[in-house]
Amino acid sequence: MTMTHEFDRLRNNPPAPTPSEAARARALSAAMQAFDAEEKNAGQTQGTSWWHRQSSILNRIWSNNMITRNHYLAGSALATLLLVPSAAYLTFELTRGSLPVSTDISAPPPAAMPELKAEGQEAPPPVDHRSNFDAGETAELLNRQEASGGAVKRSLQQPVKPSTAPLVEPVSPSPAGPMASRAAPQADARYGNTATFDTVAPLPDQGRDRFANADPNPVKSVATDPVSTFSVDVDTASYAVVRRSLMQGRLPDPDSVRVEEMVNYFPYDWPRPQSAETPFRTTVTVTPTPWNAGTQLMNVAIKGYDLAPSTTPPANLVFLIDVSGSMNEPDKLPLLKSAFRLLLGKLRPEDKVSIVTYAGSAGTVLEPTSASERDKILNAIDTLQPGGSTAGAQGIEAAYDLARQAFIKDGVNRVMLATDGDFNVGASSDGDLKRLIEDRRRDGIYLSVLGFGEGNLNDSLMQTLAQNGNGTAAYIDTLAEAQKALVEEAGSTLFPIAKDVKIQVEFNPARIAEYRLIGYETRALRREDFNNDRVDAGDIGSGHAVTAIYEVTPKGSEAVLNDPLRYGKPSSETPASDELAFVKLRYKQPDGDTSRLITTAVTQANAVSDFNAAPQDVRFATAVAAFGQKLRGAEALEAYSYGSILDIARNARGEDPFGYRSGFLDLVRLAETLKR
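The paragraphs below set out a description of the structure included in this document. On a predicted model such as this, the values are computed, not experimentally measured, just so you know.

Remarks on the layout of surface pockets
1) Next: As a volume, the second largest pocket reaches approximately 1100 Å³.
2) Next: Considering the residues around the second largest pocket, the lining is formed by 42 residues, among which P267, K303, E488, E489 and G543 are closest to the centre.
3) Next: When residues of the lining of the second largest pocket are traced back to their parent elements, those giving at least two are α16 (479-488), α17 (490-494), α18 (616-632) and α20 (660-675).
4) Next: Among the elements that make up the lining of the second largest pocket, the one with the highest residue count is α17 (4 residues).
5) Next: Looking at side-chain class alone, the lining of the second largest pocket contains 20 nonpolar, 9 polar and 13 charged residues.

Next comes the structure, spelled out in structure tokens:
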């Protein structure tokens, strides 16, 4: 790829030579002399004196100098000139008409000068325009928190706090030079005008984006906490959000990075189950850790049964579309329309489609219609227009009503919510909407969420709705992503093969000293939740794959972080088993209420001694997990370079028919460049 070659060329360029201070001084002196010669004012005093350049008061008022630098005084003087004759004429007319009038007519006082200092602070020293131009001082000033050139990313992500500092920041005096004020704009100390440093085009506003995330999982001791339990996660929204940030030239918000969603974004060729009776197959691989020689990685891969297209049940889909005013952007409603047009091409004549919109109030745009009536459905989509506030709760209620009307027994009944997540009217808190979804999912109607746009993205709410609606959450930033989520992966998106899928791993304290689950922070469950069928968990669609990666520390490794327990069991009382861990998976049938159990023992037979000898998909998933952790600022990968991640991914790319893995390589290169 051209982009790939360009990145490699840029990375291999030699560093620029260190600039010479002497050459810089000579160049600056020559430039200043040339400027003075051009202006013909090298020997003249800067500024204007009354006795050197006499002019009438009107000329002085309207002079360019007075307008741009003394506009307060000019305005007051002009008002005085106009008001005095007018007041005299008015007094004459009133007196002639024998009306009472006050003779105390005075011109308004000149406009008050703005305060140069905040209460309790000293006024800033006057600016000495004799200063020499200092590039170092100017760079420092431009990169202060107040200037747009410095800390831009953090200022977009943090709320602006009121400041008691003066409007004008003092500028340190330095020797004179006629180019000083032109080379680096400074604050006008007389009128409180702030420096015009923020003329750079602002980055896309992400300040109001809200992301669902938690602190990274800690390292746990097997002696005290040998069991890890979590719900599966097949969402992929985080990867698309991260990709959009990097493609726009900025590192993503660390809270937007969910490592498990980045890993599960890619298709893997894990071994498949043989029949629908046992719809999952677990494959475990243990490898050395590329970024830590004292630990190992345990890759737990689960592959779901892939339903044949001829056996998939009919679908009853309700498109719940946000047409509020916040959706009036090219990457929102217009992209949404195109995405649903792609999905429509994947449906069969026996499938049904309905459309509900919401903006201030909910409305039905299309009653349940056979997917064979393509023109009718497309016309309904094309007529959608944005406007109004977002009554999201009311729209969800209306969508569920339509889904119940067209309910297909033994079929797929699903509401597909498309929004930027801005629910600002009605039951707008995450808790209220969560209860609303929970109350209605028992009808057998699932909810999936598609997010669009940025600057107003409520990822936290998207995750809440999808998790509690037995559905998935995806983020659509391009039409290519819509093609992936709604066409290429339509089977796994629309047709569930299991619900409430949970994973529990127990580590053998005789073999493993410590472990850390990479990702799944928002999917953690308590140990007792695993056997409790009343606890909700994630769902898996046809052919879906789920990958979880643990970093484990073998017994006796120098990388162990926790001291042994003083009052723990003696080492001679540990089990004699050669198992490293025991993996348990619990799930329910889509229409069932009782869970089933699948177990897998992990032994030394699952381990490879050389990371490069591990299966290709294992190595690529490891590269993605490392990349996600590094973007989050994980301490464990602080010394591990993007270049090392790139090498693993490049060597494990393999067959890439849709270009997803090649796109990942480009993102790693972008992150490496932006981090410099």
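Moving on from the coordinates now.
Looking at the packing of helix α19 (residues 642-651) against α20
1) Next: α20 packs onto α19 with a crossing angle of 170° between their chain directions and a minimal axis gap of 10 Å. Between α19 and α20, the angle falls in the class roughly antiparallel. Mapping the contact onto sequence places Y642, G643, I645, L646, A649 and R650 in α19 and F664, L665, V668, R669, A671, E672 and K675 in α20.

Looking at the sheet that holds strand β12 (residues 512-518)
1) Next: Read from one edge of the open sheet, 5 strands run β1-β12-β14-β4-β3, paired in antiparallel fashion. Two strands lie at the open edges of the sheet, namely β1 (220-221) and β3 (280-289), each paired on one side alone.
2) Next: Both strand β4 (residues 292-304) and strand β14 (residues 545-554) contribute to a ladder of 8 bridges, which runs antiparallel. Bridge assignment links M298 to a residue of β14, and that residue is Y550.

Brief notes about the packing of aromatic side chains
1) Next: Inspection of every chain in the model, using the stated rule, returns 18 aromatic pairs.
2) Next: When the centroid spacing of 5.2 Å and the interplanar angle of 25° are considered together, the rings of Y268 and W270 count as stacked.
3) Next: The class for W270 is buried, based on a relative accessible area of 6%.
4) Next: Ring geometry for F658 against Y660: centres 5.6 Å apart, planes inclined by 25°, an arrangement best described as stacked.
5) Next: Judged by relative accessible area, F658 falls into the exposed class, the value being 53%.
6) Next: Accessibility expressed as a relative area gives 15% for Y660, which makes it buried.
7) Next: Through a chain of ring-to-ring contacts, the aromatic side chains of Y239, Y265, F266, F620, F627, Y642, F658, Y660 and F664 assemble into a single cluster.
8) Next: If you follow R661 out to its NZ or CZ, it ends over the ring of F620, 4.3 Å from the centre.

Regarding the nonpolar core
Generally speaking, nonpolar side chains in soluble globular proteins are found buried as a group.
1) Next: Within the largest apolar cluster, 43 residues are counted, with the highest numbers of intra-cluster contacts made by M262, F266, F620, F627, L631, I645 and F664.
2) Next: Counting residues per element, the ones that place at least two in this core are α9 (237-247), α10 (259-263), β4, β14, α18, α19 and α20.
3) Next: Residue contributions to this core peak at 9 residues, all from α18.
4) Next: In this structure, M262 is in contact with S238, Y239, V242, V257, V624, F627, G628 and L631, ignoring residues within four places of it in sequence.
5) Next: In terms of nonpolar packing, the next biggest core, distinct from the first, is built from 36 residues, L378, L384, A474 and A485 among them.

What about the side chain of N508?
1) Next: Here N508 lies in the loop between β11 (496-507) and β12.
2) Next: Overall, N508 belongs to the buried group, its relative accessible area being 9%.
3) Next: Within polar-contact distance, the side chain of N508 engages the backbone oxygen of E579 at 2.8 Å.

What about the pairing of strand β13 (residues 538-541)?
1) Next: Burial of β13 is two-sided: the residues G538 and I540 facing one way and the residues D539 and G541 facing the other way are all buried.
2) Next: Sheet topology places β11 next to β13; 3 bridges connect them, and they run antiparallel. Counted as the bridge partner of P496 is G541 from β13.

Overview of empty space enclosed by the protein
1) Next: Overall, the coordinates contain 8 cavities of 30 Å³ or more when judged by the stated rule.
2) Next: Here the largest cavity is characterised by a volume of approximately 140 Å³.
3) Next: Those elements that provide at least two residues to the lining of the largest cavity are β9 (446-452), β10 (473-476), α16 and α17.
4) Next: Of the residues assigned to the lining of the largest cavity, the class counts are 7 nonpolar, 6 polar and 2 charged.

What counts, and at which threshold
- Residues numbered from 1 in each chain as written.
- Predicted model: local features only at pLDDT ≥ 70, side-chain atom pairs only at ≥ 80, totals over all residues.
- Heavy atoms only, no water.
- 1 Å grid on protein atoms, 1.4 Å probe; cavity = no way out; pocket = protein on both sides within 12 Å on 5 of 7 lines; lining within 4 Å.
- Points joined across faces, edges and corners; volume = space filled by probe spheres on them.
- Helix = DSSP H or I, 4+ residues; strand = E, 2+ residues; numbered from the N terminus.
- Nonpolar A, V, L, I, M, F, W, Y, C, P; charged D, E, K, R; others polar.
- Axes fitted to C-alpha atoms, helices over the stretch in contact; angles between N-to-C directions.
- Parallel < 35°, antiparallel > 145°, perpendicular 65-115°, else oblique.
- Contact = heavy atoms within 4.5 Å.
- Pairing = 2+ DSSP bridges.
- Phe/Tyr/Trp six-rings, centres within 6.5 Å; stacked < 30°, edge-to-face > 60°.
- Buried < 20%, exposed > 50% of the residue type's maximum accessible area, 1.4 Å probe, protein only.
- Lys NZ or Arg CZ within 6 Å of the ring centre and 35° of its normal.
- Core = buried A, V, L, I, M, F, W, Y, C linked by side-chain atoms within 4.5 Å.
- Polar contact = N/O pair within 3.5 Å; in protein donor to acceptor, adjacent residues only side chain to side chain.

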